[in-house]
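Examining the three-dimensional arrangement
Each chain is listed here by its residues.
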Amino acid sequence: MGTRWRCTGPRWSGEAFGLGWCDPERAEERLSALPAGKPLAFAVEGERRCLGVRRAGRWTVCPYAAVLDGAGARDQCADCARLDRSRSVAADTMADDPRPYGVYLAYFGPGLLKVGITAAERGAARLLEQGAVGYSWLGRGPLMAARRAEALLGSALAVRDRFGKAEKRAARRALPPAAERAAEVAALHQEAQSLPGWPEALRAAPYAYVDHSEVFGLGRIPAAPGAVGEIAGLRAGEEIVGSVLAAAGSDLYLAQQAGTGPVFVIDTRLLAGWVLRPAAGQVTTAAVMREESREDEGRQEGLF
């Protein structure tokens, strides 16, 4: 990539994981696929910059060229984030969106089931982006009806609408068999659709469980405690070297060369805003810390 191109973070295209790139000044975008086994060797260069705002399929350059913290998952400065949220379903500032929405139940691990909504036209993309191990659709209808169903499950059944990064990572390394995962979603699906007060405008969807464990490659992630490290932040000049092991949501798991270090995971949202260049060395120089040692931010990833 030339120096104009900045990473825009994780992208799922169908069931394939990759990294996005943009050159906002030329309104160009690219996608680099990262299949299992692909070798990676790159360094972060210069300053991490705000990506600006993406509307109607194109990027608008940040007018301040704001510099971002290398340890944060956000890829926007405060001003651009405020503009983004001024017209956002996620921030409840777009109640007039005429598109149909799907309500889903997502499974992340035993007892970790959430309810959420996504534009129906996006299909399962939202589920892949947040790292849902499995899911089933619950209903489909207008935005506000979908919102009411989401709120109903939260109040009547105490179903959460988000889980933190640490909870998801821990759960996906100790999963029960697929049949047990499906049964847990099925039980909640049945209970949810039998609730009084179901929005009339929301068309109920039949139970149909979809599992992402093979898509993500979860069977390749070491399950032993302490077997997976974490890169929690990046500084200019630091290098990451390894081969792709698995990817779930925005998390990318990399295996290092034998003897050079443990398997580690990086939230690829940390790469957004950086210019990446080829690594000069053969080992990862970014700090790899024990995954469980970092306090979880508890923030829902991405938008709708």
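Throughout what follows, the structure given in this document is the object of discussion. (Residues numbered from 1 in each chain as written. Predicted model: local features only at pLDDT ≥ 70, side-chain atom pairs only at ≥ 80, totals over all residues. Heavy atoms only, no water.)

1. Overview of the nonpolar core
Grouped together as the largest cluster of nonpolar side chains are 63 residues, with contacts concentrated most on Val103, Leu153, Leu234, Ile240, Leu252 and Ile266. Every residue in contact with Ile240, bar those within four places of it in the chain, is listed here: Leu40, Ala41, Phe42, Ile231, Leu234, Leu254, Phe264, Ile266, Thr284 and Ala286. Listed in part, the nine residues of the second largest apolar core include Ala106, Leu112, Leu127 and Ala132. (Core = buried A, V, L, I, M, F, W, Y, C linked by side-chain atoms within 4.5 Å. Buried < 20%, exposed > 50% of the residue type's maximum accessible area, 1.4 Å probe, protein only. Contact = heavy atoms within 4.5 Å.)

2. Some details on the sheet that holds strand β2 (residues 16-23)
A sheet is described by the order of its strands in space; here three strands give the open sequence β1-β2-β3, paired in antiparallel fashion. A strand with exactly one partner marks an edge of an open sheet, and here the two such strands are β1 (6-13) and β3 (28-33). Neighbour to neighbour, the strand axes of the sheet diverge by 30° on average, direction disregarded. (Pairing = 2+ DSSP bridges. Helix = DSSP H or I, 4+ residues; strand = E, 2+ residues; numbered from the N terminus. Axes fitted to C-alpha atoms, helices over the stretch in contact; angles between N-to-C directions.)

3. Thoughts on the layout of surface pockets
Estimates place the volume of the second largest pocket at around 280 Å³. Considering the residues around the second largest pocket, the lining is formed by 13 residues, among which Trp21, Leu40, Ala41, Phe42 and Leu276 are closest to the centre. Secondary structure elements with two or more residues in the lining of the second largest pocket: β2, β4 (39-45) and β16 (275-278). Ranked by residue count, the leading element in the lining of the second largest pocket is β4, at four residues. Classifying every residue of the lining of the second largest pocket gives 10 nonpolar, one polar and two charged. (1 Å grid on protein atoms, 1.4 Å probe; cavity = no way out; pocket = protein on both sides within 12 Å on 5 of 7 lines; lining within 4 Å. Points joined across faces, edges and corners; volume = space filled by probe spheres on them. Nonpolar A, V, L, I, M, F, W, Y, C, P; charged D, E, K, R; others polar.)

4. Let's talk about the side chain of Thr8
You can see Thr8 is positioned in strand β1. Setting aside anything within four residues of it in sequence, one finds Thr8 in contact with Gly20, Trp21, Cys22, Leu51, Trp59, Asp75 and Ala272.

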